[in-house]
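Residue strings, one per chain:
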Amino acid sequence: MAKKLDASIAILNGAIGDYLAKTGNGLATETTFFAAIGGEPLRLEPGELMRAFPSPSTRIAVLIHGLMCTEGVWQMPGGVDYGSLLAADLGFCPIYVRYNTGLPIAESGASLASALELFVEGYPVPVEKIVLIGHSMGGLVARSACHAARIERQRWLPLVRRAIYLGTPHLGTPLERVGRVVAKLLRAVPDPYTRLVADIGDLRSAGIKDLGEGLRDAHHPVPLLPEIEHFLVAASLSDPWLATLFGDALVPLSSATNGYRVSEGSGGMPDNLKILEGSDHMAIAHDPDVYAHIRAWCTEAADG
Amino acid sequence: MGDLRRLRGLRALIEDAVTHGTGAIERVHLATAARPFAVLESIPPTAIVARGVHVAHDAIASSVYGTIRATARLVGAAATIALDIAETLDDDNKEV
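What this report covers is the structure whose coordinates are included nearby. The shown structure was predicted, so the numbers you read here are calculated from the model rather than taken from an experiment. (Residues numbered from 1 in each chain as written. Chains lettered and ligands numbered in written order. Predicted model: local features only at pLDDT ≥ 70, side-chain atom pairs only at ≥ 80, totals over all residues.)

## Remarks on the overall build of chain B
- Counting its regular elements, chain B contains two helices and zero strands.
- Radius of gyration (C-alpha) of chain B: 22 Å, far over the 12 Å computed for a compact globule of 96 residues.
- Across its three principal axes, chain B shows a C-alpha extent of roughly 80 × 15 × 5 Å.
- Burial status across chain B gives 1% buried among its 96 residues.
- At a minimum sequence separation of 6, the contacts of chain B that also span at least 24 residues come to 76%. (Helix = DSSP H or I, 4+ residues; strand = E, 2+ residues; numbered from the N terminus. Rg over C-alpha atoms; globule rule 2.2 N^0.38 Å. Buried ≥ 20, exposed ≤ 12 C-beta atoms within 10 Å, placed from the backbone. Contact = placed C-beta atoms within 7 Å.)

Given below as structure tokens:
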């Protein structure tokens with residue numbers, strides 16, 4: 001029941017979370033860390049973190065979900081997830097982030113950066129390595145958090161060795177851009193009914209609107225930081241035509257691969273890029289094949 | 001405590017939805033009604049009567065929408081009081 005309620009509130013936050021936050025509504029989700037899916041929220045204080053992590057690992061994997069989701073999106077059949085598997089296989093301590101996906105991505109990133117700073121400060125042992133794993137919007141939030149941490153010179157940023165992006169729309173998603181054009185056209189028609197429809201369409205959150213351009217906004221440039229190794233997983237629908245048009249159904253391949261042109265890859269795919277054919281946008285958040293890549297990339301991070 | 005906070009949020013959201021929703025529908029209603037009135041008001045024989053009916057129509061429509069908004073706020077205030085009581089009882093139970 002609580003899980004369903006959390007999922008409903010996550011959808012509400014994705015749709016109008018910026019409005020909820022602006023009006024101080026109690027349904028607005030705050031950036032929260034969990035040590036396990038279905039667990040209690042972590043209070044980022046040294047005493048609390050010591051109780052939550054009696055045998056802490058020095059390696060942290062931070063999992064950041066996408067639009068309208070909760071940490072439940074990572075759950076795989078059998079009750080495992082990328083975080084718990086990384087804990088069992090490589091000794092990582094998984095941290096699941098929950099946040100208000102309706103807020104502007106820059107705000108979510110800054111909030112995540114501050115929370116990570118508190119976490120690193122209060123964690124029972126010095127953290128040595130952090131791996132960021134973001135699904136969809138979560139990848140953009142991870143990038144934005146790194147950007148904010150760099151500006152604020154936060155302690156956790158130099159600990160980040162690798163960032164893994166799963167179906168992240170680095171170059172934006174055309175669906176949002178189409179919605180924007182439709183709303184503009186409806187608003188241009190001098191009719192009260194079409195304007196009402198445009199108004200309803202414009203109710204969508206700042207987070208959704210940000211997805212239109214990814215992180216290409218000239219006013220808020222968020223480059224991939226060179227000191228971090230970046231890894232990308234993109235999914236493509238099984239039908240080649242649909243895959244060409246829609247990528248993984250929501251994010252085109254060119255956006256999920258950050259501009260890499262798959263058809264022009266003459267020398268084979270780069271090592272930091274994997275494309276899962278016959279998969280879709282949501283499935284890559286809990287796919288054993290994706291975990292195999294994550295594990296390989298995290299093994300190198302754990303060894304390095 | 002978290003549940004009560006969410007209930008307060010839900011109450012506020014419903015009140016906002018009714019307030020903003022009726023406001024949007026009111027604007028569409030008045031703008032739509034203004035079209036035939038504009039035609040009638042441009043014809044000299046019907047202009048004076050049409051203008052009077054237009055003003056009366058807009059006043060009645062606005063008062064109806066206003067009443068809906070006021071009722072929503074009233075119900076919202078009553079729900080807030082109920083939640084305050086529930087929170088006080090919850091705190092008392094914790095102290096015991």
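## With respect to the interface of chain A and chain B
- Counting from both sides, the interface comprises eight residues of chain A and, opposite them, 12 residues of chain B.
- Here the side of chain A that touches chain B is built from residues that sort into four nonpolar, three polar and one charged. (Nonpolar A, V, L, I, M, F, W, Y, C, P; charged D, E, K, R; others polar.)

## Considerations on the nonpolar core
All names here are of chain A.
- Val62, Leu63, Leu132, Ile133 and Ile164 are the most contacted members of the largest nonpolar core, which totals 83 residues.
- If you tally residues by element for this core, the top one is helix H5 (residues 137-152), at eight residues.
- Setting aside its immediate chain neighbours within four residues, Ile164 contacts Val131, Leu132, Ile133, Phe231, Ile294 and Trp297. (Core = buried A, V, L, I, M, F, W, Y, C linked by C-beta atoms within 7 Å.)

## A word on the packing of helix H4 (residues 105-122) of chain A against H5 of chain A
All names here are of chain A.
- Closest axis-to-axis distance for the H4/H5 pair is 7 Å, and the angle between their directions is 65 degrees. In the crossing of H4 with H5, the sense of the turn from one axis to the other is right-handed. Counting all contacts with H4, which are made through Ile105, Ala106, Ser108, Gly109, Ala110, Leu112, Ala113 and Leu116, the residues of H5 involved are Met137, Leu140, Val141, Ser144, Ala145, His147, Ala148, Ala149 and Glu152.
- A class-by-class count of the residues in the contact of H4 with H5 yields 12 nonpolar, four polar and one charged. (Axes fitted to C-alpha atoms, helices over the stretch in contact; angles between N-to-C directions. Left-handed = near helix turned anticlockwise from the far one by under 90°.)

## Digging into the environment of Leu49 of chain A
- Looking at the element boundaries, Leu49 of chain A is found in helix H2 (residues 46-52).
- Ignoring sequence-local partners within four residues, the contact set of Leu49 of chain A consists of Leu42, Leu44, Gly122, Tyr123 and Pro124 of chain A.

## Focus on unusual backbone geometry
- At Met68 of chain A, a position not held by glycine, the phi torsion is positive, near 60 degrees.
- Considering the arrangement of structural elements, one finds Met68 of chain A in the loop between strand S3 (59-64) and helix H3 (82-90).

## Things to note about the environment of Gly247 of chain A
- Along the chain, Gly247 of chain A turns up in the loop between helix H9 (240-246) and helix H10 (253-256).
- Beyond its immediate chain neighbours, meaning those up to four positions away, Gly247 of chain A contacts Ala234, Ser236, Pro252, Leu253 and Ala256 of chain A.

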